[in-house]
Amino acid sequence: MKVSITSIELRSPFKFFPLSLFALHILRQLKTTHCQEFKKQGIWTMHYTMTLWENEEQMRDFVKSGAHLDAMKKGAGISKEIRSYTFDADQLPAWKEAKQLLKEHGKVFVYGGKS
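The structure reproduced in this document is the subject of the present report. (Residues numbered from 1 in each chain as written. Predicted model: local features only at pLDDT ≥ 70, side-chain atom pairs only at ≥ 80, totals over all residues. Heavy atoms only, no water.)

As for the overall build of the chain
- Across its full length, the chain holds four helices and five strands.
- For the chain, the sequential pattern of α-helices and β-strands runs β-α-β-β-α-α-β-α-β.
- A compact globule built from 115 residues would reach a C-alpha radius of gyration of about 13 Å, and the chain, at 13 Å, matches this within 12%.
- The principal-axis extent of the C-alpha atoms belonging to the chain is close to 40 × 30 × 20 Å.
- By the burial criterion, 37% of the 115 residues in the chain qualify as buried.
- In the chain, 18 side chains carry a positive charge and 12 a negative one; their mean positions are 11 Å apart. (Helix = DSSP H or I, 4+ residues; strand = E, 2+ residues; numbered from the N terminus. Rg over C-alpha atoms; globule rule 2.2 N^0.38 Å. Buried < 20%, exposed > 50% of the residue type's maximum accessible area, 1.4 Å probe, protein only. Lys, Arg positive; Asp, Glu negative; His and termini not counted. Charge placed at Lys NZ, Arg CZ, Asp CG, Glu CD.)

Focus: the side chain of Arg11
- You can see Arg11 is positioned in the loop between β1 (2-10) and α1 (16-30).
- Buried charge without a salt bridge: Arg11, with Glu9 as the nearest opposite-charge side chain at an N-O distance of 10 Å. (Salt bridge = Lys/Arg side-chain N within 4 Å of Asp/Glu carboxyl O.)

Considerations on the sheet that holds strand β3 (residues 46-53)
- Judged by pairing direction, the sheet is antiparallel, and its five strands sit side by side in the order β2-β3-β1-β4-β5 without closing on themselves. Sheet topology places β2 (37-43) and β5 (107-110) at the edges, where each strand pairs with a single neighbour. For this sheet, the mean angle separating the axes of adjacent strands, direction not counted, is 10 degrees.
- Across four bridges, the pairing between strand β4 (residues 79-88) and β5 is antiparallel. When the sheet's bridge partners are listed, Ile82 is paired in β5 with Phe109. (Pairing = 2+ DSSP bridges. Axes fitted to C-alpha atoms, helices over the stretch in contact; angles between N-to-C directions.)

Some remarks on the pairing of β3
- The buried count for β3 comes to six of eight residues, which makes it a mostly enclosed element.
- Sheet topology places β1 next to β3; eight bridges connect them, and they run antiparallel. Paired with Ile8 across the strands is His47, a residue of β3.
- Between β2 and β3, which pair antiparallel and follow one another directly, the connecting turn spans two residues, one of which, Trp44, has a positive phi of 55 degrees.

Structure follows, in structure tokens:
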């Protein structure tokens, strides 16, 4: 099984509104996949997601298609930084552990400029 943990730091609290719209479409897409489990958490400008997948192929098919792909292309407009970490596990970790894994091992995408 594959676990994917992602964090997004928004440019400002006002970017929560476009994030929510992206999330609505992404959740609709997620419901049509083989995702085993999904969790989200966020407040103010920091938001997190965790997903559990049967295999990497199913996870990549989701990431590289539909609403998720569209949101990734537009991510620089609403975020300062996105972190992502994928690893093998049979279940999602607790939030405290997930955030520590992201901090220590996450791939970081930093966006400059203003929008």
